[in-house]
Amino acid sequence: MPSNKKKFENSLIQCITEHKESIYRLAYSYVRNKEDALDIVQDSIHKAFANAESLKNPDAIKSWFYRIVVNTSLDFLRKQKRVQVVDEETLEAYSQGTSDSYHDIDLERALEELPVKYRSVVVLRYFEDLKIEEVSEVLNENINTVKTRLYQALRVLRVKLNDKSTMEV
C-alpha cells in the first residue's frame, strides 16, 4: 500500500501531465517569454514537491498547484521588475498553430494594461476556464473579491476595446 507522500506525488505528476499546456500558458501570460515561463513551471514543480505537506485537501491539487505557479510568476516579475511586451510575430511563433485559433491583439494589449490583480482573474477564469471558486482558491482571495475584480476588469476591457473600435471607424 503506497504511503501518503507517494499518493501525493502520483497525484501531482498526474495533475501536471494532464494540465501541462495550461500551466505553461498561465506562467507565460505573466512573463511573456518562453524560457522564463518554462523556468517558472520548473520552479513551481520543485516548490510543489518540496511543500507537499502544505496541501490540506488532496482534491484541490490543481488549484493548489496553479496558486504556486501564479505566486512563482509574481515573484519572478518582482525580481525582474520588468514586463515584456510581445509583438504579434513572436506570439504567432509560440502559438499552437491550429487553423481556427487567432490572437486578438487589441484584447491582448488591453489585458497587458490591466493591473495584475485584474489580469490574473480574467486569465484564470476565461483563458484557463476555471470556475469562480477555483480562481478564488488559486489567488487565495474571497469569492466576492474575485467576482468584483472580474466585473471591474471586464468593464475596463470593454471600455478600452470600445474606444479602440471607435478610433478605427
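Structure: see above.
To start, this report covers the structure provided alongside it.

Here the second largest pocket defines a volume of roughly 160 Å³. In terms of lining, the second largest pocket is formed by Asn4, Lys5, Lys7, Phe8, Ser11, Ala52, Glu53, Leu55, Pro58 and Ile61. Looking at which element gives the most residues to the lining of the second largest pocket, the answer is helix 1 (residues 4–18), with five residues. When the residues that make up the lining of the second largest pocket are grouped by side-chain class, the tally is five nonpolar, two polar and three charged.

Secondary-structure assignment places Ala37 in helix 3 (residues 34–50). For the pair Ala37 and Ala27, spaced 10 residues apart in sequence, the C-alpha to C-alpha distance is 5.0 Å. Once you skip the residues sitting within four places of it in the chain, Ala37 turns out to touch Tyr24, Ala27, Tyr28 and Val31.

On to the nonpolar core, then. Burial of nonpolar side chains together is a common tendency in soluble globular proteins. Judged by nonpolar contacts, the single largest core of 42 residues is most densely connected at Leu12, Leu26, Trp64, Phe65 and Leu124. When contributions to this core are tallied by element, the ones reaching two or more residues are helix 1, helix 2 (20–31), helix 3, helix 4 (61–80), helix 6 (105–113), helix 7 (116–127), helix 8 (132–139) and helix 9 (143–168). The element contributing the most residues to this core is helix 4, with 10 residues. Non-local contacts of Leu12, meaning those with residues more than four positions away in its chain, are made with Ala48, Phe49, Ile61, Trp64 and Phe65.

Cut-off values and rules
- Positions within a chain are numbered from 1, following the residues in the order the chain's sequence is written.
- Restriction of local features to residues with pLDDT of at least 70 applies here, the model being predicted, together with a cutoff of 80 or more for giving and counting side-chain atom pairs; totals for whole chains, interfaces and linings are based on all residues.
- Side-chain descriptors were evaluated using all non-hydrogen atoms of the structure, hydrogens and water having been removed beforehand.
- Any residue with an atom within 4 Å of a point lines the site, the site being either a cavity, points on a 1 Å grid over the protein atoms alone where a 1.4 Å probe fits but cannot get out, or a pocket, an open set with protein on both sides within 12 Å along at least 5 of 7 lines.
- Grid points are joined across faces, edges and corners, and a volume is the space filled by probe spheres set on the points.
- For helices the rule is a DSSP run of H or I covering at least 4 residues; for strands it is a run of E covering at least 2, with both sets numbered from the N terminus onward.
- Side-chain classes follow a simple rule in which Ala, Val, Leu, Ile, Met, Phe, Trp, Tyr, Cys and Pro form the nonpolar group, Asp, Glu, Lys and Arg form the charged group, and the remainder, Gly included, forms the polar group.
- Contacts: residue pairs with any heavy atoms within 4.5 Å of one another.
- Definition used in this section: a nonpolar core is a set of buried Ala, Val, Leu, Ile, Met, Phe, Trp, Tyr and Cys residues joined via side-chain atoms within 4.5 Å.
- Whether a residue is buried, partly exposed or exposed follows from its accessible area with a 1.4 Å probe, protein chains only, as a fraction of its type maximum: under 20%, in between, or over 50%, in that order.

As far as function goes, none of this settles anything; it's purely spatial.
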